[in-house]
Structures are given as structure tokens and as C-alpha cells.
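# Structural characterization, general
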Amino acid sequence: MPVRWAQWAKKPVGKVLESIAAPMTSAEFWKVRAASHMVTRESPILAAAQKMVAMDLSYLLVVDDNEGTVPMDRGRVLGLATDRNLLKWSLEHEGHTEQWRQGVPIGTVDAITTTTPNITCAKPESTVGDCLRLMNKKIFNHLPIIDESDAKMPRCRGILQL
């Protein structure tokens, strides 16, 4: 049966994520996915790049895990590391190609992260149509859905990806 985009375009993203994750709750779904799609800002860039390639990902969510004391799915969202940021960084650091090939860590994920204050996000109440329009307007491939109900601890509810 074809997807009827008109019926989805006016729904809040939070509700859509919950229906996609069924029969799990969206929290359970993201907990399962969290470890594979998240890194800390102190992680080596090489490890992040290898993770993206191995899992065929074009982004990783960067979280603060308080030095390993908090499960990553409960960590505060710091930003988004994307393949585009990684490519830009690697072109700027072209002289380190040989070190890169040998697996020598030459930088942390923090260098390829678009941070939370600078990142464009959607709220769970945003409609799918609004999110798609925003992604089209800003030419984004990824749009994090961030729940900021707790200002001290914004959490990722999902990421829309084209």
C-alpha cells in the first residue's frame, strides 16, 4: 500500500516516531539504537569515521556521557557529527593522510561536531511537513528532533534523514 504523505505531513513528529517504533515505545526504540548512533565528544575522529562506514551512517549524535557515568542514551545532546563535517575536516587536515591510514588518532569528534546552540533542530510537536520544508529550505540531510522540556538536559527523540 502506498504511503499517503498528506496524512503524515500534519502529524507531530513525536507521534510519528512513536508509531514507527511500535510495538516498542519510542524511548525503548531509541535506547536500542543509541549506542550505535552516538559518540562522545572525546572519541577519536578515526573511530567515528570507522563507525559511520561500518554501519553505513551519515551522522552520529554527539552526547555528553559524563565520563562514562551515564548511559549514552541518557546523555545530554551536544550536537551532530556528519559525513559532510568529516569530509570538510579531512580536507582541511590533508597533511595527516599517512597518519590517518596508519590508524593514528589525530583529533576528537568535537572538531567535526555542529554543536547544539548552532544546530537547527525540530521539536517533537513540529509537524512532519514543517520539518521537511525546513530541511528543504536549509538543504539539510538530517534534522534532529530534540526534546527540550528539561532545559538542562535536552534529549534526542529521533533524527529525520533524507
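Counting from 1, residues in each chain are numbered in the order their sequence is written. Residue-level local features of this predicted model are given only where pLDDT is at least 70; pairs of side-chain atoms are given and counted only at 80 or more, and the full residue set underlies all totals for whole chains, interfaces and linings. Side-chain numbers come from the whole structure's heavy atoms, not from hydrogens or water.

### Notes on the overall build of the chain
Looking only at helices and strands, one finds seven helices and six strands in the chain. Numbered from the N terminus, helices here are DSSP runs of H or I no shorter than four residues, and strands are runs of E no shorter than two. For the chain, the α and β elements follow one another from N to C terminus as α-α-α-β-α-β-β-α-α-β-α-β-β. Classification of residues uses two cut-offs on accessible area relative to the type maximum, computed with a 1.4 Å probe and protein chains only: under 20% is buried, over 50% is exposed, and between them is partly exposed. When the 162 residues of the chain are sorted by exposure, 36% land in the buried category. Every residue pair with non-hydrogen atoms within 4.5 Å of one another is taken to be in contact. Nonlocal contacts in the chain, meaning residues at least 24 apart in sequence, comprise 55% of its contacts between residues at least 6 apart. For the area figures, the Shrake-Rupley method with a 1.4 Å probe applies, and any residue is considered shielded solely by the protein chains shown. Taken as a whole, the chain presents about 10,000 Å² of accessible surface, with 55% of it coming from carbon and sulfur.

### Description of the side chain of Ser43
One can find Ser43 in the loop between β1 (38-40) and α4 (45-54). You can call Ser43 buried: its relative accessible area is 17%. Polar contacts here mean pairs of N or O atoms no more than 3.5 Å apart (in protein, one a potential hydrogen donor and the other a potential acceptor; neighbouring residues in sequence count only if both atoms are side-chain atoms). A distance of 3.0 Å separates polar atoms of two side chains, one belonging to Ser43 and the other to Thr40.

### Let's talk about the nonpolar core
To define a nonpolar core, start from buried Ala, Val, Leu, Ile, Met, Phe, Trp, Tyr and Cys residues and group those joined through side-chain atoms within 4.5 Å. Counting residues in hydrophobic clusters, the biggest one holds 15 residues, and the most contacted among them are Leu60, Val62, Ala81, Val109 and Ile112. Sorting the residues of this core by element identifies α4, β2 (59-64), β3 (76-82) and α5 (83-92) as the ones contributing at least two each. Ranked by the residues each element gives to this core, the list is headed by α4, at four residues. Judged by nonpolar contacts, the second largest core, of ten residues, contains Met38, Ile119, Cys156 and Ile159.

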